[in-house]
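Structural characterization, general
The chain contents come next:
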Amino acid sequence: MHIKAVNQCVHMVENIEILLSYNNLSTNEIFNILSTNNSLTTLDFIGKISSNLSNEICDYVLSEKNKNILLDNKYLDKNDKDNLINFFSAFGKSDLNGQLNNCKTYKDIFKKSVNKLEKNENKDCKSIGTIILGLGILLIILIY
C-alpha cells in the first residue's frame, strides 16, 4: 500500500500541474476536483482538506488543521509526509511558473521514491523466495 500511496502522490501532483497550467484554477477549485478523483483513494487527506477549504475553515492548504490531517495518513511514511508538507507549503504562494516548477520538482521526488520502494520490494521478494527454497530443501533432507 505504501508504494500505491506514493504513486498516487505522483498522480496528484501531475493532476495539480495540469489543472494549473491549462485551467489556472484556484486552490479551492483544484482540491474540489482532486477530491472527486477515484484514483487517489489512499490519499484520504484530499477530501478533508477540500472540505476545509470549501467551508472556509482554512484559507490555505497548509494550515495547522490540514497539516495534522495530512500527517494522519497511514499509508505514507514520515519522509513522504515531509515531502507533501514541503510541496503544499509552497502551493498557491507564487506565480504560475513558480507553482509549475514546484510541481515538477516534487513529481520527480515522488517518482524517485516509487522507484526506490519498488527496488526494495523486489529485493525482499527475492530474499523470501531464497529462504523458502532453502527451507524446502532442508525439510526434504530431514525427511529422508
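For the structure itself, look to the data block above.
First, a word on what this report is: a plain description of the structure on this page. (Residues numbered from 1 in each chain as written. Predicted model: local features only at pLDDT ≥ 70, side-chain atom pairs only at ≥ 80, totals over all residues. Heavy atoms only, no water.)

**Things to note about the packing of aromatic side chains**
What counts is decided by this rule: Pairing of aromatic side chains requires ring centres within 6.5 Å, counting the rings of Phe and Tyr and the six-membered ring of Trp. Pairs whose planes differ by under 30 degrees are stacked, by over 60 edge-to-face, and all others tilted.
Applying the stated criterion across every chain yields a total of six aromatic pairs. Ring-pair connections join several aromatic residues into one group, and the members of that group are Phe31, Phe87, Phe88, Phe91 and Tyr106.

**Re the nonpolar core**
Which entries qualify depends on this criterion: What is meant by a nonpolar core is a set of buried Ala, Val, Leu, Ile, Met, Phe, Trp, Tyr and Cys residues, joined one to another through side-chain atoms within 4.5 Å. The cut-offs for exposure are 20% and 50% of the maximum accessible area for each residue type, with area from a 1.4 Å probe on protein chains only; residues under the lower value are buried, those over the upper are exposed, and the others partly exposed. Here a helix means four or more residues in a row that DSSP labels H or I, a strand means two or more in a row labelled E, and each is numbered from the N terminus. In what follows, residue pairs with any heavy atoms lying within 4.5 Å of each other are defined as contacts.
Ranked by size, the top nonpolar core spans 35 residues in total, and within it Met12, Ile16, Phe45, Leu84, Phe88 and Phe91 carry the most contacts. Every element with two or more residues in this core is listed here: α1 (2-23), α2 (27-35), α3 (45-54), α4 (64-71), α5 (78-90) and α6 (96-143). No other element matches α1, which puts 10 residues into this core. Dropping the residues within four chain positions of it, Phe91 is found in contact with Ile16, Leu20, Thr27, Ile30, Phe31, Val61, Gln99 and Asn102.

**Some details on the pattern of salt bridges**
Here is the rule: The working definition used for a salt bridge is a side-chain nitrogen of Lys or Arg within 4 Å of a carboxyl oxygen of Asp or Glu.
Throughout the structure, instances matching the rule amount to two salt bridges. Between Glu17 and Lys107 there is a salt bridge whose closest N-O contact spans 2.9 Å. Here Glu17 is found in helix α1, whereas its partner Lys107 is found in helix α6, with 90 residues between them in sequence. Neither Glu17 nor Lys107 differs from the other in exposure class; each is buried. With its nearest N and O atoms 2.9 Å apart, the salt bridge here joins Asp82 to Lys78. Taken together, the residues Asp82 and Lys78, both in helix α5 and four residues apart, mark about one turn of the helix.

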